[in-house]
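The residues making up each chain are set out below.
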Amino acid sequence: MYLNRVSILAVICFAISYNVNSQNLNRDSVLTNSFTNYEYFKTPNRSVLSFKERSIWYKINPLSYVSIGLMFTYQRFVSQQLGSECSYETSCSEHAKKSVEHHGIFKGIFLGFYQFQSCTSKAGYDHPDHNINKLGKVINPVELNDD
Amino acid sequence: MMTRFFLLLLCPFFTIAQVNEKFVNHLVFNDLLVEHEAYLSRIEEECGSFDSLNYYRAKLAILKKEDLKFIEYSLASNNLVYSDTNLVTFMSSRFLKQSRSLTNRWLGNVPSSYWSLSTNNIKKSILLVENNTLDASFLKPHLKFYYDDFVTYNKRKPWVAGVMSAIIPGLGKLYNGRPRSFRTSLLVNAFFGFQMYEAINKRGIKNYYSILSTGIFSVFYLSNIYGSYYDLKRVKIEKKKNFLNEVANYYKTDIPIYY
Amino acid sequence: MKWLIIIKLTFLFTINVFGQDSINFILLNLEEQIFFAQNDTIKNDLYLEKFNFSICNNLEKEKLLFELNRVQEELLTDSTEHANYLWNAAIVTKINNEFTYSNMYFDAYIAETKDIFDDIKILGLLIKSEIDSAAYANFYLEYVNDTSFKCMECLNDLNNFVLPHKKGYVLASSIFPGLGTVLTGDFYNGLGSLILVPSSIIGAVNLWKGGLYYNAISWGIVSIPRLYLGNTNLTFEKVNQLEKRELSKLSVACKALYRDMLIKFPVFYRF
């Protein structure tokens with residue numbers, strides 16, 4: 001008799017739990033999009049040039065630290081003063097930084113300045129369509145992908 | 001007693017002998033990916049995995065843009081996916097736009113007896129870019145234009161671009177097929193070159209400003225040379241991808257995979 | 001036999017209660033019923049059931065909007081069901097930033113039910129503040145008109161907030177490079193402008209005096225306008241950032257007020 005009541009109670013409980021509707025509207029979801037336009041996110045600072053993936057020679061070479069300092073000074077203090085917009089997806093200074101990290105100091109600097117010389121508003125005309133992203137900027141990866 | 005027990009347990013399970021294609025089309029056209037996935041999962045739970053289920057799973061993987069899963073399910077479908085010629089052509093064209101290795105992997109799985117003319121031509125185009133000596137007569141005229149463009153740039157030597165840039169700054173860019181950049185490069189180098197010339201002329205080579213001007217000009221001049229040399233490798237890859245993209249666009253099928 | 005039935009029923013219900021997979025299977029079952037439905041009225045009822053089920057199970061807002069768009073309002077005959085649909089539709093469209101539709105559903109709800117409880121007032125104020133200040137003011141005067149809701153005007157004030165003397169910062173930077181940037185709170189960039197602009201002018205003048213005329217003209221033409229205009233553009237960007245920072249601070253306070261009101265008068269979906 002007791003077991004019958006327990007079993008019926010268990011079945012009823014499960015049946016009710018199946019039919020319970022969620023009444024609780026997440027309060028924040030109603031509020032959030034009213035205030036989304038007013039949220040302020042500070043633009044994160046650009047990363048500093050590093051030679052982590054390079055040999056020990058780069059870590060003891062004073063020229064590495066000079067290049068780190070110059071790039072840091074330019075990107076933090078001078079770049080915003082010029083008010084220019086790059087026609088490449090990765091800006092010229094950022095491309096130079098990544099080239100230096102990937103190829104080494106001299107080759108990296110040369111490739112960075114090479115892109116700088118090509119950086120005009122009409123640079124996209126020299127590249128095929130599949131190299132242009134949706135914003136109209138030229139995609140310029142540092143590594144060549146021949147696949 | 002035991003019979004009743006087994007009958008009771010089997011009651012809630014009803015078997016679906018095959019996938020309802022019209023229902024799947026209804027789910028696809030209403031963009032109900034969650035329900036679509038659940039439908040195929042339910043069939044798999046109840047009846048286990050079978051060829052036509054893997055075929056539908058492969059098509060669902062296309063909608064969800066999961067290329068590797070598509071290849072996995074197409075292998076598991078026991079040639080059912082490959083027998084859908086339209087699907088094979090569609091995916092060959094799609095993979096070609098992404099990468100050659102993925103296309104080769106996909107076409108390696110598809111038996112050649114299931115290749116349509118378009119798939120055949122896609123494979124020939126891939127072989128053509130890897131070995132220029134093969135016959136290119138199967139290409140249509142406008143594809144032949146892109147192929148010839150690729151062959152022209154493929155024959156060019158990076159050291160020639162470097163030497164040309166050394167003679168006239170920016171000429172290497174013209175050799176690389178970047179005419180607008182040539183003008184900018186020439187102007188920039190001329191700008192710094194004249195500055196250096198005036199500084200050395202009026203103040204002599206040992207003046208700090210002359211050294212600075214010379215340094216700046218040298219960096220731009222040398223970067224032009226090395227950049228032209230390196231850029232030609234990039235240009236060759238671009239021309240190859242351009243040609244293969246045009247091939248993919250030309251041979252893609254207009255018949256939708258769901259209808 | 002009795003125990004077998006109990007075990008089987010328990011098994012069935014537990015499958016249906018737990019797990020995301022079970023939700024997907026229920027969605028699938030509903031969709032199958034929709035597919036096999038004989039007429040539009042039955043289909044519409046099933047669309048509504050699926051929409052309500054999606055709400056109950058807190059599915060993604062895009063999925064809720066998708067299910068909402070499938071329901072045909074004109075085929076809903078029951079007035080309570082219709083009213084609940086309009087209320088839920090107002091919330092779902094609001095969450096999805098479709099404020100025009102949200103306003104339309106909300107107005108239709110009020111026209112149908114003539115209710116004006118506290119949760120309705122709050123949702124109405126949230127929706128009307130996204131339309132324009134006139135809609136907000138009209139709604140407040142007509143339906144709210146209660147001093148306990150006065151604090152909620154902050155959202156309307158946020159929409160109309162403008163940073164004072166915006167042009168003054170840019171003018172300051174035009175006269176004294178870097179001053180406007182410093183006044184917006186960015187000291188280092190202001191200092192950078194202050195150093196770079198005059199030094200480029202001094203550099204060009206020194207080159208001219210030293211007899212390097214081409215150098216002076218070329219550096220002067222390239223660097224001076226670029227740095228000067230870059231300085232004013234930078235000030236303009238920094239002023240916009242300052243305005244966003246001020247708005248952000250005000251919005252934090254306003255959001256807290258709204259959150260307190262929603263705790264007192266919570267807004268629920270209706271079934």
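A quick note: this is a predicted structure, and the numbers were derived from the prediction, not measured.

### Quick look at the nonpolar core
Next up, step 1: The biggest cluster of nonpolar side chains holds 38 residues, and the ones touching the most others in it are L86, A89, A90, L123 and L125 of chain C.
Next up, step 2: Those elements that provide at least two residues to this core are α2 (27–35) of chain A together with α3 (40–56), α4 (61–70), α5 (79–95), α6 (99–113), α7 (118–131), α8 (133–144) and α13 (213–264) of chain C.
Next up, step 3: For this core, the element with the highest residue contribution is α5 of chain C, accounting for seven residues.
Next up, step 4: When sequence neighbours within four positions are dropped, the list of residues in contact with L86 of chain C reads Y105, A108, Y109 and E112 of chain C.
Next up, step 5: By size, the runner-up hydrophobic cluster in this structure holds 35 residues, among which are L40, A58, M91 and L107 of chain B.

### Describing the interface of chain B and chain C
Next up, step 1: Counting residues at the interface gives 18 residues for chain B and 15 residues for chain C.
Next up, step 2: Of all elements in the fold, only α1 (2–10), α2 (21–29), α3 (33–47) and α12 (179–203) of chain B reach the threshold of two or more residues within the side of chain B that touches chain C.
Next up, step 3: Top element by residues in the side of chain B that touches chain C is α12 of chain B. It accounts for six residues.
Next up, step 4: Of the residues contributing to the side of chain B that touches chain C, the split by class is 12 nonpolar, two polar and four charged.

### Thoughts on the confidence of the model for chain B
All names here are of chain B.
Next up, step 1: Taken residue by residue, chain B gives an average pLDDT of 89. The fraction at 70 or more is 93%.
Next up, step 2: Per-element averaging of pLDDT across chain B places α1 at the bottom with 51 and helix α10 (residues 158–167) at the top with 95.
Next up, step 3: Counted against residues more than four places away or in other chains, residues 10–16, with its pLDDT under 50, gives seven contacts.

### Observations regarding helix α4 (residues 51–63) of chain B
Residue and element names in this part refer to chain B.
Next up, step 1: With 13 residues, α4 extends 19 Å between its outermost C-alpha atoms, agreeing within 8% with the 18 Å of an ideal straight helix rising 1.5 Å per residue.
Next up, step 2: Listing the buried residues of α4 in full gives L53, N54, Y55, Y56, R57, A58, K59 and L60.
Next up, step 3: Buried residues in α4 make contact with α2, α3 and α5 (67–76).
Next up, step 4: Where α4 terminates, the next one or two residues include K65, which has phi positive at roughly 60°.

### Structural notes on the domain arrangement of chain B
Residues and elements named next belong to chain B.
Next up, step 1: Examined at the domain level, chain B breaks down into domain 1 (18–81), domain 2 (83–134) and domain 3 (155–246).
Next up, step 2: One C-alpha centre belongs to domain 2, the other to domain 3, and the line joining them spans 40 Å.
Next up, step 3: In this assembly, four residues from domain 2 lie in contact with four residues from domain 3.
Next up, step 4: At the level of elements, α6 (85–98) and α8 (117–130) are the ones that each hand at least two residues to the side of domain 2 that touches domain 3.
Next up, step 5: The residue makeup of the side of domain 2 that touches domain 3, split by class, is two nonpolar, one polar and one charged.

### Remarks on the environment of Y56 of chain B
All names here are of chain B.
Next up, step 1: Within the element layout of this structure, Y56 appears in helix α4.
Next up, step 2: In this structure Y56 comes out as buried when scored by C-beta crowding, with 20 C-beta atoms within 10 Å.
Next up, step 3: As for Y56 and S74, which are separated by 18 residues in sequence, their C-alpha atoms are 9.4 Å apart.
Next up, step 4: Look past the residues within four positions of Y56 in its chain and what remains in contact with it is V19, V24 and L40.

### Details of α5 of chain B
Quick reminder: α-helices carry 3.6 residues per turn. Residues three or four places apart thus point the same way.
Next up, step 1: Among the residues making up α5 of chain B, those that are buried are F70, I71, Y73 and S74 of chain B.
Next up, step 2: On the buried face of α5 of chain B, the contacting elements are α4 and α7 (100–109) of chain B.

### Brief notes about unusual backbone geometry
Next up, step 1: For N78 of chain B, which is not glycine, the phi dihedral falls at a positive 60°.
Next up, step 2: Inspection of the secondary structure assignment puts N78 of chain B in the loop between α5 and α6.

Analysis parameters
- Sequence order as written defines residue numbering, which begins from 1 separately in each chain.
- Key to labels: chains lettered from A, ligands numbered from 1, both in the order written.
- In keeping with the predicted nature of the model, local features appear solely for residues at pLDDT of at least 70, side-chain atom pairs appear and are counted solely at 80 or more, and the whole-chain, interface and lining totals rest on all residues.
- Defined on buried residues, the nonpolar core groups Ala, Val, Leu, Ile, Met, Phe, Trp, Tyr and Cys residues joined through C-beta atoms within 7 Å.
- Residues with at least 20 neighbouring C-beta atoms inside 10 Å of their own are called buried, those with 12 or fewer are called exposed, and the rest are partly exposed, where every C-beta is derived from the backbone.
- For helices the rule is a DSSP run of H or I covering at least 4 residues; for strands it is a run of E covering at least 2, with both sets numbered from the N terminus onward.
- We call two residues in contact if the C-beta atoms placed from their backbones are at most 7 Å apart.
- Lys, Arg, Asp and Glu make up the charged group, whereas Ala, Val, Leu, Ile, Met, Phe, Trp, Tyr, Cys and Pro make up the nonpolar group; the residues left over, Gly among them, are polar.
- Per-residue confidence from the predictor is reported as pLDDT, a score between 0 and 100.
- What a helix should span is 1.5 Å times the count of its residues minus one.
- As used throughout, domain bounds are those supplied by an automatic or database domain assignment.

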